Amino acid sequence: MKQEFTITVYTENQIGLLNRIAIIFTRRKINIDSLNTSPTEVDTVHRFTIVINETEDVVRKLCRQIEKQVEVLKAYYNTNDEIIWQEMALYKVPTDVIAEKAKVERLLRERGARVVAIRQDYTVFETSGHREEIEGLIKALEQYSLIEFVRTARIAIIKDSKGFHAKLKEFESEQPAEELVENEFLNQQDKVFSM
Amino acid sequence: METLELIKEETTASKVENISGSEAVMRALIAEGVETIFGYPGGAIMPIYDALFDHDETLKHILVRHEQGAIHAAQGFARTSGKTGVVFATSGPGATNLVTGLADAQIDSTPVVCITGQVFAHLLGTDAFQETDVINITTPITKWNYQVTDANEIPSALAKAFYIASSGRPGPVLIDITKNAQVQKFDFAGYKKCDHIRSYRPKPIVRKEYIEEAAKLINEAKKPFVLFGQGIILGQAENEFKAFIEKAGIPSAWTILGLSALPTDHPLNVGMLGMHGNYGPNVLTNECDVLIAIGMRFDDRVTGRLDKYAKQAKIIHLDIDPAEIDKNVKATVPVWGDCKETLPLLTELVDRKEHKEWLQKFREHTKQEEEIVIEKEMHPSGEEMSMAEVVDVLNELTGGNAVIVTDVGQHQMVGCRYAKFNQSKSNVTSGGLGTMGFGLPAAIGAKYGAPEREVVAIIGDGGFQMTLQEMGTIMQYGAAVKILILNNNFLGMVRQWQELFNAKRYSFVDIQSPDFVTIAKGYGIEGKSINSRKDLKAALQQMLDHKGSYLLEVMVGKENNVFPMVPQGCSVAEIRLK
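Per an unreviewed UniProt entry, chain B is named Acetolactate synthase, and its organism is Parafilimonas terrae. In its Catalytic activity (unreviewed entry) section, UniProt records this for chain B: "2 pyruvate + H(+) = (2S)-2-acetolactate + CO2". Under the heading Sequence similarities (unreviewed entry), UniProt records this for chain B: "Belongs to the TPP enzyme family."

As recorded in an unreviewed UniProt entry, chain A goes by the name Acetolactate synthase small subunit, listed as coming from Parafilimonas terrae. Entered under Function (unreviewed entry) in the UniProt record, the comment concerning chain A runs "Catalyzes the conversion of 2 pyruvate molecules into acetolactate in the first common step of the biosynthetic pathway of the branched-amino acids such as leucine, isoleucine, and valine."

So this is what it looks like as structure tokens:
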């Protein structure tokens, strides 16, 4: 069954790597719903957050193909209940509509929208949250002459992640430690011994 | 204290040399033990060629006739020598001509390092003369690629290139060097080989518990069956492999790239897998109880219809590349790691067994195949010669000691089915990509990779015409490659499919050939064409006895088909004998 998965990829910061990762999806004609690149808590390590809608089997294979790339340190995939995630959006609305209509003001207040810029002709608001919350506000604002809208990619933190500092140490050591579990899904894969 | 530091600084300083980026490329190649380079010069790689001019005694450069020839030659070199092949090409068309070879090396896991020239860094993205975005074009078909725009990066980029190309699951690497970096002088502090990249783990860690689990399955098995691929050859684990199957007494079948890892006449060698493989291995894949796949990737030409593939069996999959496990066939027990390490561990835990009855089943199937297919192929009743009988006589004359290079098509299937091999690294073919035109240039490279060995390139009339210009390379450098053209005056494999599946609608497979012997003569290569069985043995002997390169064209039956055959979309058990 297809569902939303968030793939977190820890990488070196290397030109061309975005393409190398992207073509793993495009080659298989898989649409990327959202993609974000970001620094991490570790100085030299970068992270990609990719959202796709696929079956777990496909996502697992994709992660292995991603991890196979030389400059990729690690790729994880998670369902939505295993992560904390946010998206951010900006909305441009005519200033006079907000000034005149108390309803709009209330709506923005209820949705926790913050003003980023006010001009005579328009005002820009910002919200962050899950996709549904953002989409809800667009819908509501549409009837009040929403001029422009933009949403960011998803950023996500894996709930049980301990960060990448310790992991990186393992990668840096020439000889991997005995207890290093290279591909931890093996441990979760209870189907392995299916006799 | 101060004096000490001063001395230290001086010694380092004396080691630092101010050299050009191009010279650094030469130093790197020499340090990596490279002796042979296949290449073709051009504007953007001229500084590198200029530096090469001073090293022509250490670095032998083979000037090919087309860059595709260079990379196929490098592949052939890598396959017979076990070393990394090296290619030089210029920017733009020079680099794009490498694309087919890169894709071929990628899918067949061949270690190759390509160095391409690129326009000056300040011209990147301006549509400059002979500028193409080589890095992005080659990203999906390289294990790794990198663009160097500053000479200071050259030593480390090349060190990484050689390390990545040859370690773990090998593959092609491309380094694109802008012209300014080639001419730029910089302080070269010596070349250090790369042996670790933190984000790259060439070998997964061997997990003992999986070895134990695999051994348990094998020990309980009544009908175990081994499938082996090129992983054995790439891992140089031929002996470890033999020790394993001999102790456990398991019949073993090979993929087209695994061919020659186990001698043909080994009692446990039961033949070839896949679409045109042997009868027993295909049928019994769906009867075995434990399937042990070693260094192979369950290509669709091997598995046929996946949902009917070995469903009854427990699958043990040994591979160095974690991405291969469960990719096509779900493994019951995955054994990740270099088979050179995992096989001895497994051998230690398996019981010594013979599986006589089970092996006998393979023999019975072989007998059936011999009666229905092989006998007719080896001794055709008509006047027309068959490809198989040519290969059979060749076996007799070489004793199975030659390197056999094949192109792609019917002759490739026949060559692989019938050629005999006594030693590893003897079969060079384009397996995954199926690149017509691979044969001749790959044979040239194979000869440089194993100069003391006889190299016979079996090529069809179609594929030969794709890269026959490389006879010019043979002419110039004298590689003693024996070219055996099996000419059926057709693009035979496609014609076979058209016959079987398209109601004999022979759409554009009727290919005309020039007089190959005359063309060879033009290149200073002696040759002969025969169309009669009585001349076959003598002609083959003459070809093998000839000191230099030689071309023998054998006219074979026009409409012969390769059987057995697993039709596309069918299960391996539905293999047809006729």
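There is more to say, and it comes next.
(A) Inspection of the UniProt feature "domain: Thiamine pyrophosphate enzyme central" (unreviewed entry) in chain B at higher detail. As recorded in UniProt, the sites labelled "domain: Thiamine pyrophosphate enzyme central" (unreviewed entry) are residues 211-344 of chain B. A helix fraction of 31% and a strand fraction of 20% characterise residues 211-344 of chain B, whose end C-alpha atoms lie 10 Å from each other.

(B) Highlighting the nonpolar core. Residue and element names in this part refer to chain B. Judged by nonpolar contacts, the single largest core of 99 residues is most densely connected at F225, F244, L291, I294, I316, L484 and V554. Two domains each put at least three residues into this core: domain 2 (208-361) and domain 3 (385-559). Residues V64, L98, A457 and V481 belong to the second largest nonpolar core, which totals 47 residues.

(C) Expanded view of the environment of R47 of chain A. Residue and element names in this part refer to chain A. Considering the arrangement of structural elements, one finds R47 in strand 3 (residues 45-54). R47 sits in the buried class, given a relative accessible area of 12%. Between the C-alpha atom of R47 and that of K169, which follows or precedes it by 122 residues, the distance is 17 Å. Once residues within four sequence positions are removed from consideration, R47 is found in contact with T8, V9, Y10, N36, T37, S38, T40, A156 and I157. For R47, the side chain forms a polar contact with the side chain of Y10, separated by 3.2 Å.

(D) Representation of the sheet that holds strand 14 (residues 333-336) of chain B in the model. All names here are of chain B. Across the sheet, six strands lie side by side as 11-10-9-12-13-14; this open sheet has parallel pairing. Looking at the sheet topology across the chains shown, the edges are occupied by strand 11 (269-272) and strand 14. Across the sheet, the mean angle separating the axes of adjacent strands is 20° when strand polarity is ignored. Two strands pair when backbone bridges link them, and strand 12 (residues 290-294) and strand 13 (residues 314-319) are joined in this way by five bridges, in the parallel orientation. Looking at strand 13, one finds that I292 is bridged to I316.

(E) Structural context of the pattern of salt bridges. Using the criterion set out here, one finds 40 salt bridges over all chains in the structure. For K61 of chain A, the salt bridge goes to D57 of chain A, with nearest N and O atoms at 3.6 Å. Of this pair, K61 of chain A and D57 of chain A both sit in helix 2 (residues 56-68), separated by four residues, roughly a single helical turn. Of the residues examined, D57 of chain A reaches a relative accessible area of 38% and is grouped as partly exposed. The closest approach of N and O atoms between R198 of chain B and E172 of chain A, which form a salt bridge, is 2.9 Å. Of this pair, R198 of chain B sits in the loop between strand 8 (185-188) and helix 10 (208-220) while E172 of chain A sits in helix 6 (residues 165-172), which puts the two residues in different chains. On the accessibility criterion, R198 of chain B (14% relative accessible area) is buried. A relative accessible area of 40% means that E172 of chain A is categorised as partly exposed.

(F) Examining the UniProt feature "domain: ACT" (unreviewed entry) in chain A more closely. In the numbering used here, UniProt assigns the feature "domain: ACT" (unreviewed entry) to residues 6-80 of chain A. Along residues 6-80 of chain A one finds 31% helix and 41% strand; the C-alpha atoms at either end are 7 Å apart.

(G) Region of interest: the domain arrangement of chain B. Residues and elements named next belong to chain B. The domain architecture assigned to chain B consists of domain 1 (15-188), domain 2 (208-361) and domain 3 (385-559). Here the C-alpha centroids of domain 1 and domain 3 sit 30 Å apart. Taken together, the contacts link 25 residues of domain 1 with 28 residues of domain 3. Across the domain 1 to domain 3 interface the summed buried area is about 2,000 Å²; carbon plus sulfur atoms make up 63%. Summed over the three residues of domain 1 that lose the most area to domain 3, namely R65, R79 and T80, the buried surface amounts to 32% of that side.

(H) Looking closely at the packing of aromatic side chains. Enumeration over the complete set of coordinates arrives at 18 aromatic pairs over all chains. An angle of 75° between the planes, with centres 5.8 Å apart, marks the rings of F5 of chain A and Y77 of chain A as edge-to-face. Of the two residues, F5 of chain A sits in strand 1 (residues 3-12) while Y77 of chain A sits in strand 4 (residues 72-79), which places them 72 residues apart along the sequence. For the pair formed by F5 of chain A and Y77 of chain A, the shared burial category is buried. With a centroid separation of 5.9 Å and 80° between ring planes, the pair formed by F298 of chain B and Y309 of chain B is classed as edge-to-face. Pair noted here: F298 of chain B is in the loop between strand 12 and helix 14 (300-303) and Y309 of chain B is in the loop between helix 14 and strand 13, with a separation of eleven residues, a long-range link.

Quick notes on the rules
Residues numbered from 1 in each chain as written. Chains lettered and ligands numbered in written order. Predicted model: local features only at pLDDT ≥ 70, side-chain atom pairs only at ≥ 80, totals over all residues. Heavy atoms only, no water. UniProt positions renumbered as here; feature names shortened; annotations may be inferred. Helix = DSSP H or I, 4+ residues; strand = E, 2+ residues; numbered from the N terminus. Core = buried A, V, L, I, M, F, W, Y, C linked by side-chain atoms within 4.5 Å. Buried < 20%, exposed > 50% of the residue type's maximum accessible area, 1.4 Å probe, protein only. Domains from an automatic or database assignment. Contact = heavy atoms within 4.5 Å. Polar contact = N/O pair within 3.5 Å; in protein donor to acceptor, adjacent residues only side chain to side chain. Pairing = 2+ DSSP bridges. Axes fitted to C-alpha atoms, helices over the stretch in contact; angles between N-to-C directions. Salt bridge = Lys/Arg side-chain N within 4 Å of Asp/Glu carboxyl O. Buried area = accessible area lost by both parts, 1.4 Å probe. Phe/Tyr/Trp six-rings, centres within 6.5 Å; stacked < 30°, edge-to-face > 60°.

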